[in-house]
Amino acid sequence: AQSVTQLGSHVSVSEGALVLLRCNYSSSVPPYLFWYVQYPNQGLQLLLKYTSAATLVKGINGFEAEFKKSETSFHLTKPSAHMSDAAEYFCAVSEDFGNEKLTFGTGTRLTIIP
Amino acid sequence: KAGVTQTPRYLIKTRGQQVTLSCSPISGHRSVSWYQQTPGQGLQFLFEYFSETQRNKGNFPGRFSGRQFSNSRSEMNVSTLELGDSALYLCASSLAGSSGGPGELFFGEGSRLTVL
């Protein structure tokens, strides 16, 4: 069965510092992997999606993630944190073809320190 | 282009009652999925509808049901409400990529249900 594990339920970084949010996946087949962001009192918004076309995926708002099969990881990074990045981030996996079911991680709340 | 619209945004019910939540997807999107979000369990997949047919279902009791209409609008119903059903219920729509892999989900802002 597919699953994702997000290490660290809370991460704090200083404004301008590197953001690194960790995600490891478990899948019996090559997966589709996603990062979503949720701002307070809002739904989720897609940051980026891995579909095997390239191991380094660039998303919106300066975020990117690298798929590493040997480490079963899909960590999210951003070189320089901005105050507006404060939100909750969810990693998700899908190995189902023909439907839209995603399995989400438990989320990481990112706090930006001024 | 209008986003995914969920109604109502907030509602309070008592145990034993039932509730119906509505979701209007983005125009042209044929797939609608529902998720339950709680602090303890996180985001849990409820079900997905595509062209009025339930295509996939999560591990929820039969009290949770849904349907999709010919205009792709969807409703979910929870009967005999329990305290544990208090949650944010999120609806998401997608184009449902023809390549077979999952597409991008566009989420609504959710319906926050409180069961007293």
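Worth saying up front: this structure is predicted, and the values here are computed from it rather than measured.

Glancing now at the nonpolar core. Among the nonpolar cores identified, the biggest contains 26 residues, and Trp35, Phe74, Leu76 and Tyr89 of chain A are the most heavily contacted of them. Where this core is concerned, the elements lending two or more residues are strand S2 (10-14), strand S3 (19-26), strand S4 (32-38), strand S5 (44-50), strand S7 (64-68), strand S8 (73-78), strand S9 (87-94) and strand S11 (108-113) of chain A. Counting 21 residues, the second-largest nonpolar core is a separate cluster that includes Val32, Trp34, Tyr49 and Tyr89 of chain B.

Turning our attention to the state of the cysteines. Residue and element names in this part refer to chain A. By the definition in use, this model includes two disulfides over all chains. One disulfide bridge connects cysteine 23 with cysteine 91, the sulfur atoms lying 2.0 Å from each other. Between cysteine 23 and cysteine 91 the disulfide shows an S-S torsion of about -60 degrees. By sign, it is left-handed. Of this pair, cysteine 23 sits in strand S3 while cysteine 91 sits in strand S9, and the two are 68 residues apart along the sequence. Residues cysteine 23 and cysteine 91 agree in their burial class; the two are buried.

What follows is about the sheet that holds S7 of chain A. All names here are of chain A. In space, the five strands of this open sheet follow the order S1-S3-S8-S7-S6, with antiparallel pairing throughout. This sheet does not close on itself; its edge strands, each paired only once, are strand S1 (3-7) and strand S6 (56-58). Ignoring which end each strand starts from, the neighbouring axes of this sheet average 20 degrees apart. Examined bridge by bridge, S6 and S7 share three bridges and lie antiparallel to one another. Considered in S7, the bridge of leucine 56 is made with glutamate 66.

Right, let's get into the interface of chain B and chain A. Residue-level contacts link 24 residues of chain B with 20 residues of chain A. For the pairing of chain B and chain A, the buried interface totals around 1900 Å² over both sides, and the portion due to carbon and sulfur atoms is 54%. Considering only the side of chain B, the residues that lose the most area to chain A are Leu43, Pro102 and Phe107 of chain B, jointly responsible for 32% of the buried surface there. At the boundary of chain B and chain A, one finds zero salt bridges. At the boundary of chain B with chain A, the tally comes to five residue pairs in polar contact (both at pLDDT 80 or more). Of all the secondary-structure elements, those providing two or more residues to the side of chain B that touches chain A are strand S4 (31-38), strand S5 (42-50), strand S6 (53-57) and strand S9 (87-94) of chain B. Counting residues per element, the side of chain B that touches chain A draws most heavily on S4 of chain B, which supplies four residues. Partitioned by chemical class, the residues of the side of chain B that touches chain A number nine nonpolar, ten polar and five charged.

Before going further, it helps to examine the environment of arginine 73 of chain B. All names here are of chain B. Turning to its location among the elements, arginine 73 is positioned in the loop between strand S7 (64-68) and strand S8 (74-78). Taking the relative accessible area as the measure of exposure, arginine 73 reaches 24% and is therefore partly exposed. It is 13 Å that separates the C-alpha atoms of arginine 73 and glycine 3, two residues lying 70 residues apart in sequence. Not counting chain neighbours up to four residues away, the residues in contact with arginine 73 comprise Ser22, Cys23, Ser24, Pro25, Arg67 and Gln68.

What counts, and where the lines are drawn
Residues numbered from 1 in each chain as written. Chains lettered and ligands numbered in written order. Predicted model: local features only at pLDDT ≥ 70, side-chain atom pairs only at ≥ 80, totals over all residues. Heavy atoms only, no water. Core = buried A, V, L, I, M, F, W, Y, C linked by side-chain atoms within 4.5 Å. Buried < 20%, exposed > 50% of the residue type's maximum accessible area, 1.4 Å probe, protein only. Helix = DSSP H or I, 4+ residues; strand = E, 2+ residues; numbered from the N terminus. Disulfide = S-S within 2.5 Å. Pairing = 2+ DSSP bridges. Axes fitted to C-alpha atoms, helices over the stretch in contact; angles between N-to-C directions. Contact = heavy atoms within 4.5 Å. Buried area = accessible area lost by both parts, 1.4 Å probe. Salt bridge = Lys/Arg side-chain N within 4 Å of Asp/Glu carboxyl O. Polar contact = N/O pair within 3.5 Å; in protein donor to acceptor, adjacent residues only side chain to side chain. Nonpolar A, V, L, I, M, F, W, Y, C, P; charged D, E, K, R; others polar.

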